[in-house]
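Residues per chain, in single letters:
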Amino acid sequence: MNTIQSWRHRRFRTFIAPMFGVIGLLATVACARAEAARAGDGKPDCHVGIYQLRDGGFVDIGASDNDHLRWRRKDGTTGLLAADKDGTWTSTLGWTERPDGKHVSFDDCSTGRIAFDGVPGQRVALDVTETTFDGAGVRLAGRLVMPKGHGKLPIVVIVHGSEDSSALNNYPIQRQLPTENIGVFVYDKRGTGNSTGVYTQNYLLLANDAIAAVKEAKRLAGNRAGKVGYQGTSQGGWVAPLAAKIDPVDFIIVGYGLAVSPIEEDREAIALDMTHEGYDAQVMTKAMQVADAIANIIRSDFRAGFDRLAALRDQYGGEAWFKHVHGDIAFYLIENPEAQVREKGPALLAGIPADYDPMPVLRNLDIPQLWILGGEDRDAPSAETARRLRELISRGKPITLAVFPHAEHGIYEFEMTPDGKRVDTRNSDGYFAMMRDLISNGKVSGAYGNSTIVAAHAALPRSASAQP
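Note that the coordinates shown come from a computational prediction; the quantities given were computed from them, not determined experimentally.

Any details on the overall build of the protein? Residues and values, ideally.
Helices and strands together make up the secondary structure of the protein, namely 14 helices and 19 strands. The buried share among the 468 residues of the protein stands at 58%. Once local pairs closer than 6 in sequence are excluded, the contacts in the protein between residues at least 24 apart make up 64%. Carbon and sulfur atoms make up 50% of the accessible area of the protein, which amounts to about 18,000 Å² in all.

The following block contains the structure:
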């Protein structure tokens, strides 16, 4: 549903989506759109790359929309770059459109030189191998990105969220991790970018494609391949563990994924809507009636159940709380005509298994997992997922749970606008570092920003932050 989540909270960014599978239902659509918008529209630019600065730090430059660029640092800070008439680029903070005082300039692209906020730097040369490989009945476009050298190193295979955009064009982590002596294999999932096939939210198909991606990554890396695992975000949090259960890997990282079903995700999101607005248990009961009606429509593949939703709309539509029911996909069904929902709904959810229960897979996985959640995630509410993961940890499963208390979906921190909308400013500090450490060392250790960490065999969280 992670897709819808973006729809709900980022509609002011004009996210309209044809897919639903990020983490849940419509949340999937929203989330995917949000990530695509954040990552860029895939326009080629000779400045795209990662640069090492003279002070030892790194800055990644990626494409964005409308001929802009986006810079990112490993500490989570980021800004949008707009070209000035003199050839320099001026930055605005996160997605706020507010100047942050940073300026960037590039030499001729052939030199690979940059000046970031006054500090000179040089583009990092990486070994990049483009490939195509067979997925489950499709031909997938992939890329292996490795640091220069000949030594063995870990490799992480990136598993998409629900976005229908190109991972090859949009994922900056493919450049960031190789500067930490980690290989990355990234690919366009079926029906996106340069891959063939029809876009789908079918987790089993996507899992089989991910398994094929691991095999291709190992083939290309040859003797350099050390341990290999997945990093799956949002919808990828359902797909990566399933793939690992079918064909084991060495580790899994899940970012802002869920340990509940897509239907449960929508219910949790509606419940959070009511809680956030301060409504009581009586209103919550009414809102859950709406959630049940939405679930029945989805389970019918948008063929039945509309009469019940219409009756609830007639019964409760005049009450103050009703306008606050958004959920991950609920708002789409409530706000649009029945004929439109019947027509567009099946394609929007494109094969998503609405009642998919991830727990049997998670209970039977015995490989190291790092789950990273946002405590303020309204798109894919994290509280129940965190509770379930803590229970698995208490039973000795090799899971590490990290919660960034002030982050929303995508592990983005945010500001509130006067009209109550969220505007993202950056990723949480420590988010990148914990992924790097899990891949490189097989574990996380120490503090990572303001996150709370619970791990197997650890008696207490590693920070004083409240549990979700």
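That shown, we press on.
Residue-level account of the side chain of arginine 190, with values.
Considering the arrangement of structural elements, one finds arginine 190 in the loop between strand 12 (183-187) and helix 5 (203-221). For arginine 190, a relative accessible area of 6% puts it in the buried group. At 2.6 Å, the side chain of arginine 190 and the side chain of aspartate 209 are in polar contact. If sequence neighbours within four positions are ignored, arginine 190 has contacts with Ala136, Val138, Leu140, Ser195, Thr196, Val198, Tyr199, Thr200, Leu205, Leu206 and Asp209.

Any details on the sheet that holds strand 10 (residues 139-147)? Residues and values, ideally.
An order of 9-10-12-11-13-14-15-16-19 is seen for the 9 strands of this open sheet, with the pairing classed as mixed. With partners counted over all chains shown, the strands left at the sheet margins are strand 9 (126-134) and strand 19 (452-455), one partner each. Across the sheet, the axes of successive neighbouring strands diverge by a mean angle of 20°, strand direction being ignored. In terms of strand pairing, strand 11 (residues 153-159) meets strand 13 (residues 225-233) through 6 bridges, oriented parallel.

For the environment of alanine 310, give the residues involved together with the corresponding values.
In this fold, alanine 310 is placed in helix 9 (residues 306-316). Judged by its relative accessible area of 27%, alanine 310 is partly exposed. Spatially, the C-alpha atoms of alanine 310 and glutamate 338 are 9.1 Å apart, while their sequence positions differ by 28 residues.

How would you sum up the nonpolar core? Please name residues and give values.
Membership of the largest hydrophobic core comes to 86 residues, with the highest contact counts inside it found for Val157, Tyr230, Val290, Ile294, Phe302, Trp321 and Leu333. Ignoring any residue separated from it by four or fewer positions in sequence, one finds valine 157 in contact with Phe185, Tyr187, Ala213, Val214, Ala217, Val228, Gly229, Tyr230 and Gln231. In this structure, Ile372, Ala402, Phe404 and Val444 belong to the second largest nonpolar core, which totals 30 residues.

Summarise empty space enclosed by the protein; cite the residues concerned and give the values.
Scanning the model with the defined rule gives 2 cavities of 30 Å³ or more in all. Its boundaries defined by the atoms lining it, the second largest cavity holds a volume of some 40 Å³. As for the second largest cavity, its lining consists of Val159, His160, Gly161, Tyr187, Lys189, Leu206, Gln235 and Val239. Residues of the lining of the second largest cavity, tallied by class, amount to 4 nonpolar, 3 polar and 1 charged.

Summarise helix 8 (residues 281-299); cite the residues concerned and give the values.
Compared with an ideal rise of 1.5 Å per residue, which puts 19 residues at 27 Å, helix 8 spans 26 Å between its outermost C-alpha atoms and is within 8% of the ideal. Of all the residues in helix 8, the buried ones are Val283, Lys286, Ala287, Met288, Val290, Ala291, Ala293, Ile294, Ala295, Ile297 and Ile298. Looking at the buried positions of helix 8, the neighbouring elements they touch are helix 7 (262-276), helix 9, helix 10 (330-335) and helix 11 (338-349). Of the residues that open helix 8, the one with a side-chain oxygen 3.2 Å from the backbone nitrogen of glutamine 282 is aspartate 280. Downstream of helix 8 by a residue or two, aspartate 301 has a phi angle that is positive, lying close to 60°.

Mind laying out the packing of aromatic side chains, listing which residues take part and the relevant values?
Evaluated as defined, the whole model comprises 11 aromatic pairs. Taken together, the aromatic side chains of Tyr51, Trp89 and Phe106 make up a single cluster linked through ring pairs. The ring of phenylalanine 58 has lysine 74 sitting right over it, with the charged end atom 4.0 Å from the ring centre. Between the NZ or CZ atom of arginine 422 and the centre of the ring of phenylalanine 414, over which it lies, the distance is 4.1 Å.

Got a sec to walk through the state of the cysteines? Specific residues and values, please.
Taken as a whole and judged by the stated rule, the model has 1 disulfide. Through a disulfide, cysteine 46 is tied to cysteine 109; the S-S separation comes to 1.7 Å. In this pair, cysteine 46 sits in the loop between helix 2 (26-39) and strand 1 (49-53) while cysteine 109 sits in the loop between strand 6 (99-106) and strand 7 (113-116), placing the two residues 63 residues apart along the sequence.

Which residues make up the sheet that holds strand 1, and what values do they have?
Sheet architecture is closed into a barrel: 8 strands sit in the order 1-2-3-4-5-6-7-8, paired in antiparallel fashion. Along the sheet, successive strands turn relative to each other by an average axial angle of 30°, direction set aside. Taken together, the 4 bridges between strand 7 and strand 8 (residues 119-123) define a ladder with antiparallel strand orientation. Looking at the pairing, alanine 115 lines up with proline 120 of strand 8.

I'd like a description of the environment of glutamate 97, backed by residues and values.
Its place among the elements puts glutamate 97 in the loop between strand 5 (89-93) and strand 6. With 17 residues separating them along the chain, glutamate 97 and leucine 80 place their C-alpha atoms 7.8 Å apart.

If you had to explain the side chain of arginine 70 to someone new, which residues and values would you point to?
Structurally, arginine 70 is set in strand 3 (residues 69-72). Despite its burial, arginine 70 pairs with no opposite charge; the closest candidate is aspartate 65, at 6.8 Å N-O. There is a polar contact of 3.1 Å between the side chain of arginine 70 and the side chain of threonine 78. A distance of 3.1 Å separates the side chain of arginine 70 from the backbone oxygen of glycine 94, its partner in a polar contact.

Tell me what's going on with the pattern of salt bridges, and back it up with residues and numbers.
One pass over the full model with this rule turns up 26 salt bridges. Between arginine 299 and aspartate 355 there is a salt bridge whose closest N-O contact spans 2.8 Å. Placement of arginine 299 in helix 8 and of aspartate 355 in the loop between helix 11 and helix 12 (359-363) is noted, with a sequence separation of 56 residues between them. Accessibility expressed as a relative area gives 44% for aspartate 355, which makes it partly exposed. Among the ionic contacts, a cluster of salt bridges with common partners joins Glu264, Glu384, Arg387, Arg388, Glu391 and Arg395.

Conventions adopted
Residues numbered from 1 in each chain as written. Predicted model: local features only at pLDDT ≥ 70, side-chain atom pairs only at ≥ 80, totals over all residues. Heavy atoms only, no water. Helix = DSSP H or I, 4+ residues; strand = E, 2+ residues; numbered from the N terminus. Buried < 20%, exposed > 50% of the residue type's maximum accessible area, 1.4 Å probe, protein only. Contact = heavy atoms within 4.5 Å. Areas by Shrake-Rupley, 256 points an atom, 1.4 Å probe, with all protein chains shown as cover. Polar contact = N/O pair within 3.5 Å; in protein donor to acceptor, adjacent residues only side chain to side chain. Pairing = 2+ DSSP bridges. Axes fitted to C-alpha atoms, helices over the stretch in contact; angles between N-to-C directions. Core = buried A, V, L, I, M, F, W, Y, C linked by side-chain atoms within 4.5 Å. 1 Å grid on protein atoms, 1.4 Å probe; cavity = no way out; pocket = protein on both sides within 12 Å on 5 of 7 lines; lining within 4 Å. Points joined across faces, edges and corners; volume = space filled by probe spheres on them. Nonpolar A, V, L, I, M, F, W, Y, C, P; charged D, E, K, R; others polar. Expected span 1.5 Å × (residues − 1). Phe/Tyr/Trp six-rings, centres within 6.5 Å; stacked < 30°, edge-to-face > 60°. Lys NZ or Arg CZ within 6 Å of the ring centre and 35° of its normal. Disulfide = S-S within 2.5 Å. Lys, Arg positive; Asp, Glu negative; His and termini not counted. Salt bridge = Lys/Arg side-chain N within 4 Å of Asp/Glu carboxyl O.

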